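Below are the chains, spelled out letter by letter.
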Amino acid sequence: MKHKRLLFLLVMVFTMSFAFGQDVDEKLMTLMDEGLALHDKGQYDDAIKKYDEVLKLKSDFYPVMSEKALSLYALNKKSEAKKLLEKLMKKAPKDFDFSHAYLLYANIMDEEGDQLKALETYDKAMEDVDVSNTDLVQQIWYNKAVVLYKLTDENKKKVPEWEDDLANCLIESLRLKPYHARSLSTMGAMMEKYGNYLNAFCCYAIFAMATDGAADMIEPQLLAWKDMELTPKTGPRTTKTLNKVKEVLKKEPSEYGRLYDLFSEVLPLACPDSLKSPVPVNYAGDIFEDGYCPFFAELQRSGLLECFCHSVMKNSKSKYISNADWLSRHKDEEKRFQELFSELPVFATGIESGFVPDSVVVNTAEEAHEHNLDAMFCCRYYLRHFSTDEYMDDAARFITQWSMASPDVTIKIGEPEKIFLDKPVLLVSYLAGSSFAALTSRGLTPVEIYKSGISEVLTRYSLEKDTIGQTEELDNFLKSCLDDGESFWKTVEENFTK
């Protein structure tokens with residue numbers, strides 16, 4: 001009987017302890033949520049009081065320590081915030097998500113002048129962050145970019161690849177948020193610093209388009225450039241383009257103003273390939289190398305550059321033509337422009353993994369031409385995903401329809417391709433590889449485009465031969481490439497002429 005009573009008491013004690021623990025945890029979370037709400041309202045002192053209540057109940061409640069540090073920082077109590085973060089980083093378990101704490105600590109290090117420690121801590125934040133939290137990831141990329149941009153000469157010697165790192169940080173920031181104002185202005189400032197004035201202006205123009213009240217920065221910025229000394233080693237790609245920039249800036253503006261004059265006169269020199277090819281080829285390039293010029297080349301080729309300039313300047317105090325009046329008379333153009341401008345994020349992100357167009361049917365040459373950009377990204381999707389992906393059939397259907405109807409890209413299929421024509425996955429890989437090369441690469445010859453398609457067939461077969469179906473002919477084809485690549489590709493070139 002005594003044993004039963006003791007067992008009953010133990011159960012009761014455990015149950016009460018568990019219930020008490022649950023009550024405490026719920027109270028901690030409630031207090032923390034109240035603190036977060038107060039912080040979001042700007043009531044930082046009150047938020048800290050809530051956080052302190054939590055820490056009195058549980059001194060090692062690490063998420064609250066991180067939030068309290070943020071409120072202290074907002075009150076400009078950086079020294080207290082720093083000490084709390086250091087305590088957190090020392091005591092919290094390794095599986096704790098330190099990314100927010102690292103980001104804040106890095107910002108404090110930067111403000112204290114310890115740039116190298118800040119960079120090191122941003123890297124730790126990036127290692128720890130949940131990549132699905134795109135807002136936080138973008139903040140880390142951008143904040144690190146700011147530190148790299150303003151590195152002292154002494155610290156630049158200690159970070160030898162800081163320029164490449166800076167470019168990468170800005171690229172990643174803009175990849176996640178293509179209209180992030182501060183990233184755009186920093187990218188523009190970096191381009192300007194290295195004499196790449198046209199690309200800098202592209203960044204500033206998009207910044208002005210995406211930011212209310214920023215249009216009036218355009219004219220003063222240009223006036224500051226026109227008398228600068230430029231050399232053939234700086235600025236846009238060639239001396240010819242450099243001279244054209246200076247020439248345009250020193251002329252009297254047209255009725256449309258400097259914005260339109262610069263783009264309409266200099267773009268043909270800066271982006272000739274983009275203006276001539278079926279899609280803006282430079283979208284496939286590095287954003288640091290090409291800036292945003294290709295976007296404006298696409299606007300010019302689409303007859304929407306003038307509309308862009310009016311849209312940017314419609315709220316400015318510019319003395320030139322009334323932009324609002326012009327837009328009121330060109331509603332259709334403005335609608336087309338807004339649709340294209342809204343797709344800029346696609347150009348920044350889609351090139352890596354691509355996408356499958358939704359509910360697009362292509363039957364005619366005109367329809368194919370209209371969907372060249374969709375084709376480019378769909379081909380990329382097909383080349384970057386396994387054949388078992390749920391959307392691959394849709395991608396294959398679109399690529400096949402488009403390639404048969406396209407007036408801009410001609411894909412050769414002949415005798416040498418007979419070994420994979422009966423394998424649909426390989427055939428579409430060939431179409432996608434050839435089409436993507438034709439749509440995105442500068443000046444490729446037909447045989448180079450053909451080789452790009454063959455290369456994608458080999459890649460697909462080597463990765464998925466068990467799924468696709470192994471054959472002796474294809475095995476020999478792949479083996480020939482691996483054993484003697486130079487001889488193999490020479491034979492491929494010869495086959496192209498047959």
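Since the structure is predicted, the reported quantities are computational estimates derived from the model, not experimental observations.

### Some remarks on the overall build of the chain
Link 1 in the chain: Helix and strand counts for the chain stand at 28 helices and zero strands.
Link 2 in the chain: Going through the 498 residues of the chain one by one, you find that 46% of them count as buried.
Link 3 in the chain: Considering only residue pairs separated by 6 or more positions, the chain has 61% of its internal contacts joining residues 24 or more positions apart.

### Some points on the confidence of the model for the chain
Link 1 in the chain: On average, residues of the chain score 83 in pLDDT, and 86% of them reach the 70 mark or higher.
Link 2 in the chain: Helix α16 (residues 287-290) is the least confidently modelled element of the chain, averaging 49 in pLDDT, while helix α7 (residues 134-149) averages 95, the highest of any element.
Link 3 in the chain: Contacts of residues 1-23 to residues separated by more than four positions or lying in other chains number zero contacts, the stretch itself having pLDDT below 50.
Link 4 in the chain: Low pLDDT, under 50, characterises residues 281-288; the stretch is placed with 30 contacts to residues that sit more than four places away or in other chains.

### Points about the nonpolar core
Link 1 in the chain: One finds Leu 259, Phe 263, Phe 296, Leu 299 and Phe 308 to be the most contacted residues of the largest nonpolar core, which totals 99 residues.
Link 2 in the chain: With 12 residues, the single largest contributor to this core is helix α11 (residues 197-210).
Link 3 in the chain: Apart from the residues lying within four places of it in its own chain, the contact partners of Leu 259 are Phe 201, Ala 205, Ile 218, Leu 222, Cys 309, Val 312 and Met 313.
Link 4 in the chain: In terms of nonpolar packing, the next biggest core, distinct from the first, is built from 43 residues, Phe 436, Ala 438, Tyr 461 and Leu 474 among them.

### Side note on the pattern of salt bridges
Link 1 in the chain: Per the counting criterion, the structure on display carries 21 salt bridges.
Link 2 in the chain: Note that Glu 265 is salt-bridged to Lys 244, the shortest N-O span being 3.7 Å. With a gap of 21 residues between them, Glu 265 in helix α14 (residues 258-270) and Lys 244 in helix α13 (residues 239-250) connect regions that are remote in the sequence.
Link 3 in the chain: Given the relative accessible area of 24%, Glu 265 is considered partly exposed.
Link 4 in the chain: Across the pair Asp 475 and Lys 465 runs a salt bridge whose closest N-O atoms are separated by 3.4 Å. With Asp 475 in helix α27 (residues 472-483) and Lys 465 in helix α26 (residues 446-468), this pair connects stretches of sequence that are 10 residues apart.
Link 5 in the chain: Given a relative accessible area of 23%, Asp 475 falls into the partly exposed group.
Link 6 in the chain: Among the residues examined, Lys 465 registers a relative accessible area of 22% and is labelled partly exposed.

### Considerations on empty space enclosed by the protein
Link 1 in the chain: Evaluated as defined, the whole model comprises two cavities of 30 Å³ or more.
Link 2 in the chain: For the largest cavity, the full set of lining residues is Glu 219, Tyr 256, Gly 257, Arg 258, Leu 259, Met 313, Ser 318, Tyr 320 and Asn 323.
Link 3 in the chain: Here the residues of the lining of the largest cavity are counted per class, giving four nonpolar, three polar and two charged.

### Observations regarding the side chain of Asn 323
Link 1 in the chain: Of note, Asn 323 is situated in helix α19 (residues 323-329).
Link 2 in the chain: When neighbours within four sequence positions are excluded, Asn 323 is seen to be in contact with Cys 309, His 310, Met 313, Lys 314 and Ser 316.

### Notes on the environment of Lys 91
Link 1 in the chain: Mapped onto the secondary structure, Lys 91 falls in helix α4 (residues 78-91).
Link 2 in the chain: The exposed category is assigned to Lys 91, whose relative accessible area is 54%.
Link 3 in the chain: Note: C-alpha distance between Lys 91 and Asp 60 (31 residues apart in sequence) is 8.2 Å.

### Observations concerning the packing of aromatic side chains
Link 1 in the chain: Under the criterion given, the structure shown has 16 aromatic pairs.
Link 2 in the chain: On the basis of an interplanar angle of 85 degrees and a centroid distance of 6.2 Å, the ring pair of Tyr 430 and Tyr 450 is categorised as edge-to-face. Highlighted residues: Tyr 430 in helix α25 (residues 424-440) and Tyr 450 in helix α26, separated in sequence by 20 residues. Summarising the burial analysis for this pair, Tyr 430 and Tyr 450 share the class buried.

Criteria and cut-off values
- Residues numbered from 1 in each chain as written.
- Predicted model: local features only at pLDDT ≥ 70, side-chain atom pairs only at ≥ 80, totals over all residues.
- Heavy atoms only, no water.
- Helix = DSSP H or I, 4+ residues; strand = E, 2+ residues; numbered from the N terminus.
- Buried < 20%, exposed > 50% of the residue type's maximum accessible area, 1.4 Å probe, protein only.
- Contact = heavy atoms within 4.5 Å.
- pLDDT = per-residue confidence, 0-100.
- Core = buried A, V, L, I, M, F, W, Y, C linked by side-chain atoms within 4.5 Å.
- Salt bridge = Lys/Arg side-chain N within 4 Å of Asp/Glu carboxyl O.
- 1 Å grid on protein atoms, 1.4 Å probe; cavity = no way out; pocket = protein on both sides within 12 Å on 5 of 7 lines; lining within 4 Å.
- Points joined across faces, edges and corners; volume = space filled by probe spheres on them.
- Nonpolar A, V, L, I, M, F, W, Y, C, P; charged D, E, K, R; others polar.
- Phe/Tyr/Trp six-rings, centres within 6.5 Å; stacked < 30°, edge-to-face > 60°.

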